[in-house]
Amino acid sequence: MSEIVAASVSILFHGLAFAMVLYLVSVGLSVTMGLMGFVNLAHGVFAALGGYIATSLMTQMGVGFAPAVAAGVVTAMVVSVPLERLLYRRLYGADELAQVLLTVGLVFMSVAAGKFLWGPLAQPFHPPAALSGQIELGTREFPTYRSFLIVAGAVLVTALWLGLERTRFGAQIRAAVDNRRMAQSVGINTSGLFTAAFALGSGLAALGGALGAEILAIEPAYALEHLIYFLIVVSVGGLGSIRGPFFAALLLGVADTGFKYLLPEFGAFFIYALTLVVLLWRPRGLFGYA
Amino acid sequence: MTAEAATHVTAASVVDAFARRHRFHWAEALPWIVAIGAFFVFPDYLALGAQILATILFGLSLDLILGYAGIVTLGHAACFGTGAYVAGLLAAHGWGEPVSGLLIAALAAALVGFVSGAVVLRTQGLTLLMLTLVVATMLYEAANKANTITGGADGLSGMDVWPVLGFHFDLYGQTAYWYCLVTLFLCWLIARCIVHSPFGRSLTGIRENERRMHAIGSPVFWRRLTIYTIAAALAGISGALISQTTQFVGLGVLSFDRSGAILIMLILGGVGWLYGAFIGVPLYMIMQDRFAAVDPVYWYFWIGLILVLVVVFAPSGAYGLGDRLARALRRRA
Amino acid sequence: MSAAALETRALSMSFGALRVANAIDFRLEPGARHALIGPNGAGKTTFVNLVTGALHPSDGQIYLEGSDVTALPQAQRVKRGLVRTFQITALFRGLSVLENVTLAVGERLGTASDLLRPSGRRRAVIEEAFALLERLGIADEALRPVRELAYGRQRLVEIAVALGLRPKVLLLDEPAAGVPSSETGTIIDMIEQLPAEIALLIIEHDMDLVFRLARRITVLVQGAVLVEGAPEAIAADPRVRQVYLGERERA
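Reading the values: rules and limits
Residues numbered from 1 in each chain as written. Chains lettered and ligands numbered in written order. Predicted model: local features only at pLDDT ≥ 70, side-chain atom pairs only at ≥ 80, totals over all residues. Helix = DSSP H or I, 4+ residues; strand = E, 2+ residues; numbered from the N terminus. Buried ≥ 20, exposed ≤ 12 C-beta atoms within 10 Å, placed from the backbone. Contact = placed C-beta atoms within 7 Å. Nonpolar A, V, L, I, M, F, W, Y, C, P; charged D, E, K, R; others polar. Pairing = 2+ DSSP bridges. Axes fitted to C-alpha atoms, helices over the stretch in contact; angles between N-to-C directions. Domains from an automatic or database assignment. Core = buried A, V, L, I, M, F, W, Y, C linked by C-beta atoms within 7 Å.

### Remarks on the overall build of chain B
Here comes step 1: Looking only at helices and strands, one finds 15 helices and zero strands in chain B.
Here comes step 2: In terms of principal-axis extent, the alpha carbons of chain B reach across some 80 × 45 × 45 Å.
Here comes step 3: Within chain B, the proportion of its 333 residues that are buried is 53%.
Here comes step 4: Restricting to contacts in chain B with at least 6 residues of sequence separation, those with at least 24 account for 77%.

This is how it looks when you write it as structure tokens:
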């Protein structure tokens, strides 16, 4: 009996840490797709970029953890702006197929670029000394870094939700997601808003990629490998929703960890089957809008 | 001629023109002339040629659902891979007869298409796109984990393919080339027939305005499911051709890479005019063959760049470019 | 009482807290020339969407020639003769005018599911479609893609498509909407020449059209029926005048 409890706690713990990473990466995608109606399959590239910058600064230049992660986030945000204004903008409202193809092309380019710049192997990630090792929580020991991930994730999520509830920027985003034309007629600068929201989403993805480098290894094919998980979080959570993907990420994170632990011969098979069932039952996602 | 007779002539000529759209145009013989010619002009490249022909069939099957019915899928490799593995497993477990293997593979792929389509085609937009990806990834995962059956990441080996209609599969790929060419031709005839039938015309209606199709009494869901299943069968045949002629099946046949690549190949040639695959597939595969020899990493970069450029500047692919060129030439004349 | 061509009982629909259709009782008699009017946002198009099956009602029933079709999908209702046109032209823009109508006629005749024989072989279908184009005066543009036609002529194609389905009940959603006044004449003529057996419901804002074509008028306000009756009674009704405050009064 105590074995079952111990296993459940373990699954919940690791699942929660995984969920935090998934959410941080995916929330930006939900906003992009809900706000601009743009199918951005290249979203994972920003997560990978953040991870690459952070890990290479830490391992090759001995930069500290916090500054390295910050650098990754800033780089991603800076790169996202010209990408949105020059390229993505042309395809807002275009055929879904065109958006898919454009972003797939970008992903392919990023995979090659990653391999060229950093080589084909996964980037080593060593958490700072303060966050390494084990920590005692109650009667058990848990890896410190993962505990940090959970706490940091919770803090970030709360800050994000409060920010979107309380600030004008957040209100504008919510209005524009709800009804783009109405928002424009009320004087909201949707063009600038889109760029800002896209940059924010990319920055969050980079944060998720950098912090989560221990769970989702940083390698050239990162954006392709994990694309399906990001898409699952967003479509099950509901496009344009901020909270929906959080619960979807929780569900996915815990379920994935659980299935892989209890039924490793099946791998992620049940996750996909579960996604199919959920999306058939609620095609707009659990918290989706029209 | 009285005015009345004159209008009747016009009416009849319009109806005639409309009714004759399905007639064969001489230009449609070109791809086959080129394919047959290539056999004699490039005797050292017949193995690649066979691959190209089989992949054209894969692209053709995608054109039916994407170009004609307007269904955007990221998981078409699911049916392709099913066909490949079924044909491979048959050959590896004692039944190496190619043609029957092809037909059984087609049936298996059609089943996968029917079942997944019945589920997936109830949705639309991003959800549909996602679910096509989920189905393909599920199959990939299943093939990966069932490695005692499929060989997993190492791939399925030990395939023994028997001679097709008395012709041995030789080392030069001559038999493989003709096998693929004839199969492609027959499947193309089928595809062409479907496209010009009333059913095929209704698919273009579904693609142009689905809402309107409901409003004229069309059973949209069943039409889409039917073409999805047929396209699945054709994709399965394509996969079986590849596995039979290379005598190997790896996990790659079910990968997102494969689904993405065939999408790109079709886009390069242009969707919805039945010949996009005939142009895009050889273009892509020959380029890839050249590049892979030089540097496989750069290949990914350049094909990504080409895709981005095509989407931004030439969204109708070669068809669109050709169309624009033809119109420009007509203006000069 | 003989069966109505189309009837709704207590038809209701809500989007969350917003009630867009409020217990609508409606009867359309066979051979009717009936108009549905009301201010913007009254729920007229929603009513059409509910009746045709594009939307699912939260409550109420719909009867087509006496049979309950509430659970029937849209395409099935079309097969039974319930046809509509769209307020904003919804045609196959990339396809030719002739093709648009041929698709409709083909669906009606059941030839559209044929996979094997070329569509060109079915001359009867094509000729019937072409004859419809001739009747509506748009036959000279038969082979042009719909998107190249003037908007007024596109509206005529809409009507041709609807007629190709041989409707028993025809719902015209603002047939003259967006059409320059010089071209509305053709559309009005077409409507007046429709076979007398068809039960016709027109949604319109143009009062001239309404009073010229309708023998019976229903007024819809905020999703509910305000009043129904003969045109003279409606024109004289003070409640209707109040609802249309600011609009031109009908003498």
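There's plenty left to go through after this.
### Quick look at the interface of chain C and chain B
Here comes step 1: Counting residues at the interface gives 37 residues for chain C and 29 residues for chain B.
Here comes step 2: At the level of elements, helix H2 (74–79), helix H3 (97–109) and helix H4 (123–135) of chain C are the ones that each hand at least two residues to the side of chain C that touches chain B.
Here comes step 3: Residue composition of the side of chain C that touches chain B, by class: 20 nonpolar, seven polar and 10 charged.

### Some remarks on the sheet that holds strand E9 (residues 216–221) of chain C
Within a sheet, adjacent strands bond to each other through the backbone by hydrogen bonds, running parallel or antiparallel.
Residues and elements named next belong to chain C.
Here comes step 1: Taken in spatial order, the six strands of this open sheet run E6-E7-E8-E3-E9-E10, and their pairing is mixed. Edge positions in the open sheet fall to strand E6 (82–84) and strand E10 (224–229), since each of these has one partner strand only. The sheet shows a mean angle of 20 degrees between the axes of neighbouring strands, direction not considered.
Here comes step 2: Where E6 lies against strand E7 (residues 169–173), three bridges are found, and the strand directions are parallel. Across the sheet, residue valine 83 finds its bridge partner in E7, namely leucine 170.
Here comes step 3: Set on the sheet, helix H1 (residues 44–52) makes contact with strand E3 (33–37), E6, E7, strand E8 (199–203) and E9; between it and E7 the angle comes to about 150 degrees.

### Some words on the domain arrangement of chain A
It is common to give the size of an interface as the accessible area that goes away when the parts come together.
Residue and element names in this part refer to chain A.
Here comes step 1: By the assigned domains, chain A splits into domain 1 (1–35 + 226–290) and domain 2 (40–125 + 164–220).
Here comes step 2: Measuring from the centre of the C-alpha atoms in domain 1 to the corresponding centre in domain 2 gives 20 Å.
Here comes step 3: Only helix H1 (2–35) and helix H10 (227–237) provide two or more residues apiece to the side of domain 1 that touches domain 2.
Here comes step 4: Residues that form the side of domain 1 that touches domain 2 fall into these classes: 13 nonpolar, five polar and no charged.

### Concerning unusual backbone geometry
All names here are of chain B.
Here comes step 1: A positive phi angle, close to 75 degrees, is found at leucine 274, a residue other than glycine.
Here comes step 2: With respect to the element layout, leucine 274 can be found in the loop between helix H12 (256–269) and helix H13 (276–294).
Here comes step 3: For leucine 274, a count of 20 C-beta atoms within 10 Å gives the class buried.

### Observations concerning the sheet that holds strand E2 (residues 18–28) of chain C
Residues and elements named next belong to chain C.
Here comes step 1: Across the sheet, which stays open at both edges, the four strands sit in the order E2-E1-E4-E5 with antiparallel pairing between neighbours. What marks the edges here is a single partner per strand, and that holds for E2 and strand E5 (67–68).
Here comes step 2: As defined by bridge partners, strand E4 (residues 59–64) adjoins E5 across two bridges and the pair is classed as antiparallel. Across the sheet, leucine 64 pairs through a bridge with serine 67, a residue of E5.

### A few points about the nonpolar core
Here comes step 1: Core analysis: the biggest nonpolar cluster contains 279 residues, and Val233(A) and Leu133(C) have the highest contact counts within it.
Here comes step 2: Of the residues forming this core, the biggest block, 15 residues, is contributed by H1(A).
Here comes step 3: Of the domains in this structure, domain 1 (1–35 + 226–290) and domain 2 (40–125 + 164–220) of chain A are the two that each give at least three residues to this core.
Here comes step 4: Those residues in contact with Val233(A), other than ones at most four positions away along the chain, are Leu22(A), Tyr23(A), Ser26(A), Pro245(A), Ala248(A), Ala249(A) and Leu252(A).

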